[in-house]
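# Residue-level structural notes
Residue strings, one per chain:
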Amino acid sequence: MSDVILEMRNITKTFPGVKALDNVNFSVHQGEIHALVGENGAGKSTLMKVLSGVYPHGTYSGDIYFLGNECRFRDISESEEVGLVIIHQELALVPYLSIAENMFLGNERANNGIIDWNEQISKTKELLDKVGLHESPNTLITDMGVGKQQLVEIAKALAKKVKLLILDEPTASLNESDSEKLLDLLLQFKKNGISSILISHKLSEVNKIADAITILRDGGTIETLDCHKDRITEDRIIRGMVGRDLTHRFPPRESVVGDVIFEVRDWNAYHPIHEDRKTSTNVNINVRKGEVVGISGLMGAGRTELAMSIFGHSYGTRISGKAYKNGKEIDISTIDKAITNGIAYATEDRKVFGLVLIQEIKDNITLANLEAVSDGGFVINEPKEMAATSGYRDKLNIKCSSIRQLAVNLSGGNQQKVVLSKWLFANPDILILDEPTRGIDVGAKYEIYTIINRLASEGKGIIMISSELPEILGVCDRIYVMREGKVVGEMPAKEASQESIMKCIMTQQEVVA
Amino acid sequence: MKTLATLFKNNIREYGMLIALIAVMIFFQVVTKGILFKPVNITNLVLQNSSIITMALGMLLIIVSGWIDLSVGSVVAVVGALAGVLMVRYHFDWMVTVGICLLVGAAIGAFQGFWVSYVKIPAFITTLAGMLIFRGLTFVLLQGESVGPFPTGFQKISSGFIPDVFNYPGFHLTTIIIGLILSGLLIFLDLRGRQNQQKYGFEVTPFYFFILKNVVITGAVMGLCYLMASYKGIPNVLVLLFLLIAFYTFITSQSVIGRRIYAMGGNEKAAKLSGVNTTRLLFYTFINMGVLAALAGLIVTARLNSATPNAGDGMELDVIAACFIGGASASGGVGKVIGAVVGAFLVGVLNNGMSIMGVGIDWQKVVKGLVLLAAVFFDVYNKNKS
């Protein structure tokens, strides 16, 4: 094997309450394509952010050596200077500027502040040729498809004299032929001596082009597989991704499942901006009284989109399909109607969609059901509000100095409990919980699971979206698997395993795509 | 128990503004050699600023929602013009005219609210258009000239005083009695709020502070009443203002709709996903602003006793400045009625004091601009520090 060009040693990175990376070791050899795989939240993106200087030196512990030199990047521009270029999943192009303008943004070919357009455009052409993109340098980014935009990003990396290219899920939003082209390009770069790190969920493409595969799990390196030494199967990779101890992380539960309380049939929805893109396709799901139903799938599988389109049509357009509660059809076309019909949706993004951060805890808890603490539906009865919200603070164990503390000053776990309190206070029969434990520590997770169990035992129907397989298996009674807006699998949790779910998620991807 | 210093530090914004107002008042009292606090001037100060304060109440709700309304000065003018034309040219009864004008204000608010909340055109643009449209319509209505004078009943809105039941010569005794009742009411409300908070185990301010606060407030109320009593008593418009301030304080702090407006301004997406119909709520907020701007238009027209094409010119800037000086946040979700009122008074005292001193309108604008900048800088500085 050739020389090591990148070595990351004992990288540890903590966020308030969470250890995102724990003593990770990772190295890349000259001229190889190194795949980085792992579940959502395993720490792949965090590791790459540490590498590229998004998290500057000093905010993590451990050492990074690139081309034999120790690196202490303070920001992205310093890592790019030595030839480390990262291409994020969300592309960082300015949509209303041309390819040429984007290509040299912040790095313009200029004399005394005056741009030399001839130079800039001819250079752009040269770079576009290298990545096989035949577009005029004056084309606006917004007029091109995602696949071509991706190529512009790569060309931009070439402009920076890249030595190690990092791609974070580059093919996630590409179609088959664009993905193919991109992978070929990486192989071609390899011949020209440019190494790449490829983060991907698509194991088929990993298997096809990677020289080595490093598996991360729960913020730690599990193993690095050499693709030339052994024949690596997808099953082998999946086993590495999921294998972990499940005991004692979930509170025990006796489930008493009753009749179907809520059901959606033939649910279809389209993307609000790209109106020809379907976000939900013929979805049929149901939940029973006292049952916890999980929806598993990768990020971008359309789970949140589905949940929000059900919750008062709060996402998507041209939504069609029928919803039934206790066998009777209900109208859930506005959020207000959905709440009135006893449906609640606790969002995956607390800070953006869940909380009014600059308001007090008590104001947040009562927001969805102010009528219950007001006289005549108009005047807020403050003593009533205090009593009600203090009750939730005690019941859900929200750690705060007072219920008048601002939501912004709470930890993630406690913020999540405030969001849950808000929806419990609205007294729903059906609760949709979207990633209820994202970004919160293990102890708080256990508390959330306990609350979920209690709600189920009270006869509510619970739908839980989660990207963490152990969580889905440990908490749910039944599991739906979603991919590309469709339900592609349904199984009782007792018969499911992490491997079987992951297989359902991953292998379907190849069969259908 | 908190000490006075930490208490002050935690509420630096609210007390700081009040202290600034008092300092500015003392400053002008000294440099104008006592003219500022003369009974006639205090009464004038209230009369001149009543329209600003009225509109600041509506503007505060707009700003808390996260938007802005640039058109209120033009709405003042167009409503004044309409009132003038109806009463002078068509001899409408003044009370009917007031009713029509307030309805037209609501319609103007609905018009602008429609574009902002349903069509999603940013309020800055919509109301900039409104500013031009309604100023233009004012000229159309008045055909470029002033219209007046008006029936006495209409003039009394701004220039009338409440009657004195005692008829004590040289001193308006009713005003003092109203002042006493008001002080008693404020103390009672404060005490009840305090008890409620204690009942739920919240930390309350120390008792001596509570006493001190109420002594200061009572002193200010009684001082104001005394000054007015030595002139002509309480102006009608002050009664109106008091009722409006009380109403909007109640709406913002105690009502469901007020809570929802703050939630909408604080995080529109979260409010929407909690079942708040943010589109309709914003629409109503603009209608409310339209009605208050119309009311201000009537007050201005009644005070000047004529409708002029340039009435209310630049008034929107004083109104918006009052809200920001009073601690409202330009990004929405933050701001108090009482802050906006204090801010409006500060702007008013600056206008009044500098006019007495003979400072030209040019330098007055410079000073007001600097005060606005200083107040907001103070906010930003405190936020960054904490």
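Everything quoted here is computed from the prediction, not taken from an experiment.

Scoring rules and cut-offs
Residues numbered from 1 in each chain as written. Chains lettered and ligands numbered in written order. Predicted model: local features only at pLDDT ≥ 70, side-chain atom pairs only at ≥ 80, totals over all residues. Helix = DSSP H or I, 4+ residues; strand = E, 2+ residues; numbered from the N terminus. Rg over C-alpha atoms; globule rule 2.2 N^0.38 Å. Buried ≥ 20, exposed ≤ 12 C-beta atoms within 10 Å, placed from the backbone. Contact = placed C-beta atoms within 7 Å. Pairing = 2+ DSSP bridges. Axes fitted to C-alpha atoms, helices over the stretch in contact; angles between N-to-C directions. Left-handed = near helix turned anticlockwise from the far one by under 90°. Nonpolar A, V, L, I, M, F, W, Y, C, P; charged D, E, K, R; others polar. Expected span 1.5 Å × (residues − 1). Arc of directions from axis to C-beta. pLDDT = per-residue confidence, 0-100. Domains from an automatic or database assignment. Core = buried A, V, L, I, M, F, W, Y, C linked by C-beta atoms within 7 Å.

### Topic: the overall build of chain B
- Looking only at helices and strands, chain B has 16 helices and zero strands in total.
- Relative to a compact globule of 386 residues, whose C-alpha radius of gyration would be 21 Å, chain B shows 21 Å and is just as compact.
- For chain B, the C-alpha atoms occupy an extent of roughly 65 × 60 × 40 Å along the three principal directions.
- Split into buried and exposed, the 386 residues of chain B put 42% on the buried side.
- By sequence separation, contacts in chain B at least 24 residues apart represent 80% of the contacts at least 6 residues apart.

### Here's the deal with the overall build of chain A
- In terms of regular secondary structure, chain A is built from 17 helices and 24 strands.
- The C-alpha atoms of chain A give a radius of gyration of 25 Å, which matches the 24 Å a tight globule of 513 residues would have.
- Projected onto the principal axes, the alpha-carbon positions of chain A cover approximately 70 × 55 × 45 Å.
- Out of the 513 residues belonging to chain A, those deemed buried represent 46%.
- The contacts in chain A between residues at least 6 apart in sequence include a share of 68% that link residues at least 24 apart.

### With respect to the sheet that holds strand 9 (residues 164-168) of chain A
Residues and elements named next belong to chain A.
- The six strands lie next to each other as 6-9-10-3-11-12, forming an open sheet whose pairing is mixed. One side of each edge strand has no neighbouring strand; the edge strands of this open sheet are strand 6 (84-87) and strand 12 (220-226). Direction aside, the axes of adjacent strands within the sheet are offset by 20° on average.
- As judged from the six bridges shared by strand 11 (residues 212-217) and strand 12, these two strands associate in the antiparallel manner.

### Overview of the packing of helix 4 (residues 117-130) of chain A against helix 5 (residues 146-159) of chain A
Residues and elements named next belong to chain A.
- One can describe the packing of helix 4 onto helix 5 by two numbers: an axis separation of 9 Å at closest approach and a directional angle of 115°. The interaxial crossing formed by helix 4 with helix 5 has right-handed handedness. Only Ala-155, Leu-158 and Ala-159 of helix 5 make contact with helix 4, whose side of the interface consists of Leu-127, Leu-128 and Lys-130.
- Here the contact of helix 4 with helix 5 is composed, by residue class, of five nonpolar, no polar and one charged.

### Comments concerning helix 13 (residues 382-395) of chain A
Residues and elements named next belong to chain A.
- When the terminal C-alpha atoms of helix 13 are compared, their 20 Å separation across 14 residues agrees well with the 20 Å that a helix rising 1.5 Å per residue should span.
- Considered for burial, the residues of helix 13 that qualify are Glu-385, Met-386, Thr-389, Tyr-392 and Arg-393. The buried residues of helix 13 occupy one face: seen down the axis, they fall within an arc of 135°. Of the exposed residues in helix 13, the ones pointing more than 90 degrees away from its buried face are Pro-383, Ala-387 and Asp-394.
- Where the residues of helix 13 are buried, they touch helix 12 (361-366), strand 20 (379-380) and helix 14 (412-425).
- The first or second residue beyond helix 13 is Asn-397, which carries a positive phi of 55°.

### Some thoughts on the confidence of the model for chain A
- When the pLDDT values of chain A are averaged, the result is 87; 96% of them are 70 or greater.
- Contacts from residues 509-513 of chain A, a stretch scored under 50 in pLDDT, to residues over four places away or in other chains number four contacts.

### Focus on helix 4 of chain A
Residue and element names in this part refer to chain A.
- Compared with the 20 Å implied by 1.5 Å per residue over 14 residues, the 20 Å span of helix 4 between its first and last C-alpha is a close match.
- Taken residue by residue, helix 4 has Ile-121, Thr-124, Leu-127 and Leu-128 as its buried positions. For helix 4, the angular spread of buried residues about the axis comes to 125°, placing them on one side. When the buried face of helix 4 is taken as reference, the exposed residues oriented beyond 90 degrees from it are Asn-118 and Asp-129.
- Elements in contact with the buried residues of helix 4: helix 3 (99-103) and helix 5.

### Brief notes about the sheet that holds strand 16 (residues 317-325) of chain A
Residues and elements named next belong to chain A.
- Reading across from one edge, 14-13-16-17 is the order of the four strands in this open sheet, with antiparallel pairing throughout. In this open sheet, the two edge strands, each paired with only one partner strand, are strand 14 (278-288) and strand 17 (328-330). Neighbour-to-neighbour, the strand axes of this sheet turn through a mean angle of 15°, independent of strand direction.
- Sheet topology places strand 13 (residues 260-270) next to strand 14; seven bridges connect them, and they run antiparallel. Residue pairing for strand 14: Trp-267 is matched across the bridge by Val-283.
- Of the strands in this sheet, strand 13, strand 14 and strand 16 are in contact with helix 9 (residues 303-310), which crosses strand 14 at around 70°.

### Remarks on the domain arrangement of chain A
- On domain assignment, one finds that chain A holds domain 1 (4-242), domain 2 (256-342 + 428-513) and domain 3 (352-427).
- Here the C-alpha centre of domain 3 of chain A lies 43 Å away from the C-alpha centre of domain 1 of chain A.

### Examining the interface of chain A and chain B
- Taken together, the contacts link 29 residues of chain A with 21 residues of chain B.
- Listing elements by their share of the side of chain A that touches chain B, those giving two or more residues are helix 10 (335-340), helix 11 (350-354), strand 20 and helix 13 of chain A.
- Residue classes in the side of chain A that touches chain B are distributed as 17 nonpolar, seven polar and five charged.

### As for unusual backbone geometry
- Note the cis peptide between B:Gly148 and B:Pro149, where omega equals -10°.
- Its location among the elements puts B:Pro149 in the loop between helix 6 (123-142) and helix 7 (152-159).
- We note that A:Asn397 has phi near 55°; this positive angle belongs to a residue other than glycine.
- Mapping A:Asn397 onto the fold places it in the loop between helix 13 and helix 14.
- On the basis of neighbour counts, which here come to 14 C-beta atoms within 10 Å, the residue A:Asn397 falls in the partly exposed class.
- The phi torsion at A:Asn427 lies on the positive side, around 55°, for a residue other than glycine.

### Focus on the nonpolar core
- Ranked by size, the top nonpolar core spans 239 residues in total, and within it A:Ile462, B:Ala56, B:Met59 and B:Leu60 carry the most contacts.
- No other element matches the 14 residues that helix 13 (residues 278-304) of chain B contributes to this core.
- Apart from residues no more than four positions distant in its own chain, B:Met59 is found in contact with B:Asp69, B:Val72, B:Met289, B:Val319, B:Ile320 and B:Cys323.

### Remarks on the pairing of strand 15 (residues 292-296) of chain A
Residue and element names in this part refer to chain A.
- Buried residues dominate strand 15, accounting for five of its five residues.
- Burial along strand 15 is two-sided: Val-292, Gly-294 and Ser-296 facing one way and Val-293 and Ile-295 facing the other are all buried.
- In terms of strand pairing, strand 15 meets strand 23 (residues 478-483) through four bridges, oriented parallel. Pairing of Ser-296 across the sheet is with Val-481, part of strand 23.

### With respect to the environment of A:Arg303
All names here are of chain A.
- Inspection of the secondary structure assignment puts Arg-303 in helix 9.
- Overall, the presence of 26 C-beta atoms within 10 Å leaves Arg-303 in the buried class.
- Residues Arg-303 and Lys-486, spaced 183 residues apart in sequence, show a C-alpha to C-alpha distance of 9.0 Å.
- If we skip the residues at most four places from it in the chain, Arg-303 touches Ile-295, Gly-297, Ile-465 and Met-482.

### Description of the environment of A:Ala301
Residue and element names in this part refer to chain A.
- Note that Ala-301 resides in the loop between strand 15 and helix 9.
- Sequence-wise, Ala-301 and Val-487 are 186 residues apart; in three dimensions their C-alpha atoms are separated by 9.5 Å.
- In this view, Ala-301 contacts Met-482, Arg-483 and Glu-484; residues no more than four positions away in its chain are not counted.

### Some points on the packing of helix 5 (residues 94-118) of chain B against helix 6 of chain B
Residues and elements named next belong to chain B.
- Remark: helix 5 packs on helix 6, axes separated minimally by 9 Å, with the N-to-C direction vectors making an angle of 145°. The crossing of helix 5 and helix 6 is right-handed. Across from Ile-108, Gln-112, Trp-115 and Val-116 in helix 5, the residues of helix 6 making contact are Ala-123, Thr-126, Thr-127, Gly-130 and Phe-134.
- Residues that form the contact of helix 5 with helix 6 fall into these classes: five nonpolar, four polar and no charged.

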